[in-house]
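# Breakdown of the fold
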Amino acid sequence: MNERAERLEGALSRLGIDFFEDPERSPALTELEMANALVGAAEALVLGVEIDVMDDEVATRAEAVADQVLEELLPEQISPLLIHQFKAERLEHSLTRVVGEEADPDDPVLAAARDAAVLATLLVSYRLSAERLDAELPEDLLHLAVAALGSCAQRVRGLTG
């Protein structure tokens, strides 16, 4: 186990989370799963504290602290936009796990939210590509964004009757 994996395992252990390494999984997958387990534990703690505090202004200021720490811990060559892309993709994936990818899902409200998350991911990806390329922008991202916007708008219109 490498140093980062040992730190992750130690952090999970201190939080009372037992994570057992599966010899069938690659070390990289195990490390990624441990890192995500730590994120899940942190999100549960944040949610609990936010419920106790019940103050949007305080929560918003606290979120800025998380963003600042994340930016400081990332290597300098990584764009802060990558953080937004990562977060948008996580929301998109989470909603997709709940709703699925069907055209006619059981929960049209969450399907619209998923489509909005897809749109956010595409737009941030487009912006990130523009920052990196400084040349011809990937037009297909914009076409996909228009399709996601259309899908989201159609679902929301369907909710209103």
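Read on for an overview of the structure. From a predicted model like this one, the values you see are computed outputs, not experimental measurements. (Residues numbered from 1 in each chain as written. Predicted model: local features only at pLDDT ≥ 70, side-chain atom pairs only at ≥ 80, totals over all residues. Heavy atoms only, no water.)

This paragraph deals with the overall build of the protein. Tallying secondary structure elements over the protein gives 6 helices and 0 strands in all. Counting from the amino terminus, helix and strand elements in the protein follow one another as α-α-α-α-α-α. Taking all 161 residues of the protein together, 25% fall into the buried category. The long-range share in the protein, meaning contacts at least 24 apart out of those at least 6 apart in sequence, stands at 53%. For the protein, the computed accessible surface area is about 11,500 Å², with 58% contributed by carbon and sulfur atoms. (Helix = DSSP H or I, 4+ residues; strand = E, 2+ residues; numbered from the N terminus. Buried < 20%, exposed > 50% of the residue type's maximum accessible area, 1.4 Å probe, protein only. Contact = heavy atoms within 4.5 Å. Areas by Shrake-Rupley, 256 points an atom, 1.4 Å probe, with all protein chains shown as cover.)

Now for the packing of helix H5 (residues 108-133) against helix H6 (residues 139-159). The contact between H5 and H6 brings their axes to 8 Å, and the two run at 160°. By the criterion of interaxial angle, the relationship of H5 to H6 is roughly antiparallel. H6 is crossed by H5, and the crossing has left-handed handedness. Here the contact of H5 with H6 is built from residues that sort into 19 nonpolar, 3 polar and 3 charged. (Axes fitted to C-alpha atoms, helices over the stretch in contact; angles between N-to-C directions. Parallel < 35°, antiparallel > 145°, perpendicular 65-115°, else oblique. Left-handed = near helix turned anticlockwise from the far one by under 90°. Nonpolar A, V, L, I, M, F, W, Y, C, P; charged D, E, K, R; others polar.)

Residue position: Thr96 is located in helix H4 (residues 80-99). For Thr96, the side chain forms a polar contact with the main-chain oxygen of Glu92, separated by 2.8 Å. Excluding its chain neighbours within four sequence positions, the residues that come into contact with Thr96 are Glu101 and Arg114. (Polar contact = N/O pair within 3.5 Å; in protein donor to acceptor, adjacent residues only side chain to side chain.)

Phi is mostly negative for residues that are not glycine, and the peptide bonds are mostly trans. Backbone geometry places Met54, a non-glycine residue, at a positive phi of 50°. Its place among the elements puts Met54 in the loop between helix H2 (27-53) and helix H3 (56-73). The exposure class of Met54 is exposed, given its relative accessible area of 66%.

Across the interface, H3 lies against H4 with an axial gap of 10 Å and an inter-helix angle of 120°. The angle between H3 and H4 places the two elements in the oblique class. Seen from above, H3 lies across H4 with right-handed handedness. Contact with H3, carried on its side by Asp67, Leu70 and Glu71, involves Pro80, Ile83 and Lys87 of H4 and no other residues of that element. Each residue belonging to the contact of H3 with H4 can be placed in one class, and the counts come to 3 nonpolar, no polar and 3 charged.

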